[in-house]
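Coordinate inspection notes
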Amino acid sequence: MLTIFVDMDDVLADTYGKHIELYNKEHKQDLSLAHIESGEVWQNVPEIHQESIWKHAHQEGFFRDLKPIKDSIQVMEALCNKHNVYIATAATQFPNSLKEKSDWLDEYMPFITWQHRIMCGHKFILNGDLLIDDRSYNLERFAGDTLLFDSPHNQHETDYTRVYNWLEVAERLL
């Protein structure tokens, strides 16, 4: 039985897609993932629109209204039945996100109880077997094994074992 830590944003919950959705609504554009090869969403829009994207995470409801990443719910439930699984998310970075992320988990992953939710800043303080995250800076100082969850913003990162979706996570851990 492994102790596994799983990030939320762009691993379980689609923040990248939400940024695109809000950008298109705010600026009457038609940006999609198909238009983006790499980088953050704000790096793929005209400079005059970049600030509006930076403000999204500060908007009330942003984290609450995210869509689950495909297959994440089913695979996470199966992982929880086999391993000790904890959510490890930087919920303290944005004022509204602490409650919104907890509410999101209550709706989509109620099998992850409050005792298995770690809202933190630095993830290297966590002590376990595996960290699944989309940000390499969270993986670099983690003492256990790591999986880099694929996202457009980490396409140039080559120092970590990459997983492209939740079915691949399931193949490795179930």
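Use the structure listed above.
Residues numbered from 1 in each chain as written. Predicted model: local features only at pLDDT ≥ 70, side-chain atom pairs only at ≥ 80, totals over all residues. Heavy atoms only, no water.

**Let's talk about the side chain of H19**
- By the secondary structure assignment, H19 is in helix α1 (residues 15-27).
- Overall, the relative accessible area of 16% leaves H19 in the buried class.
- If near-sequence neighbours (up to four positions away) are discounted, H19 is found in contact with V41, I53, H56, A57 and F62. (Helix = DSSP H or I, 4+ residues; strand = E, 2+ residues; numbered from the N terminus. Buried < 20%, exposed > 50% of the residue type's maximum accessible area, 1.4 Å probe, protein only. Contact = heavy atoms within 4.5 Å.)

**Regarding helix α6 (residues 166-173)**
- Buried within α6 are the following residues: W166, V169, A170 and L173. Considered in projection along α6, the buried side chains sweep an arc of 100 degrees and stay on one side of the axis.
- Close packing links the buried residues of α6 with β1 (3-6), α3 (72-82), β4 (130-133), β5 (145-149) and β6 (162-163).
- Sitting at the amino-terminal end of α6 is N165, which places a side-chain oxygen 3.0 Å from the backbone nitrogen of L167. (Arc of directions from axis to C-beta. Polar contact = N/O pair within 3.5 Å; in protein donor to acceptor, adjacent residues only side chain to side chain.)

**Points about the pattern of salt bridges**
- Inspection of the entire model under this criterion finds 14 salt bridges.
- Across the salt bridge formed by R135 and D134, the nearest N and O atoms sit 3.7 Å from each other.
- Residue R135 is classed as partly exposed on the basis of its relative accessible area of 23%.
- Owing to a relative accessible area of 2%, D134 belongs among the buried residues under this scheme.
- Of the charged contacts, one joins R162 and D150 as a salt bridge, the two residues approaching to 2.7 Å between their closest N and O atoms. Of this pair, R162 sits in strand β6 while D150 sits in the loop between β5 and β6; the two residues are 12 residues apart in sequence, bridging distant segments of the chain.
- Its relative accessible area of 21% is what places D150 among the partly exposed residues.
- Through salt bridges with shared partners, a single ionic network connects D7, K123 and D133. (Salt bridge = Lys/Arg side-chain N within 4 Å of Asp/Glu carboxyl O.)

**Examining the packing of α3 against α6**
- Where α3 meets α6, the closest approach of the two axes is 9 Å, and the angle between their N-to-C directions is 20 degrees. In terms of orientation, α3 lies roughly parallel with respect to α6. The element α3 and its partner α6 pack so that their crossing is left-handed. In this structure, α3 uses S72, V75, M76, L79 and K82 to contact α6, whose residues at the interface are W166, V169, A170 and L173.
- Grouping the constituent residues of the contact of α3 with α6 by class yields 7 nonpolar, 1 polar and 1 charged. (Axes fitted to C-alpha atoms, helices over the stretch in contact; angles between N-to-C directions. Parallel < 35°, antiparallel > 145°, perpendicular 65-115°, else oblique. Left-handed = near helix turned anticlockwise from the far one by under 90°. Nonpolar A, V, L, I, M, F, W, Y, C, P; charged D, E, K, R; others polar.)

Everything listed here is a matter of coordinates, which is why it stays silent on function.
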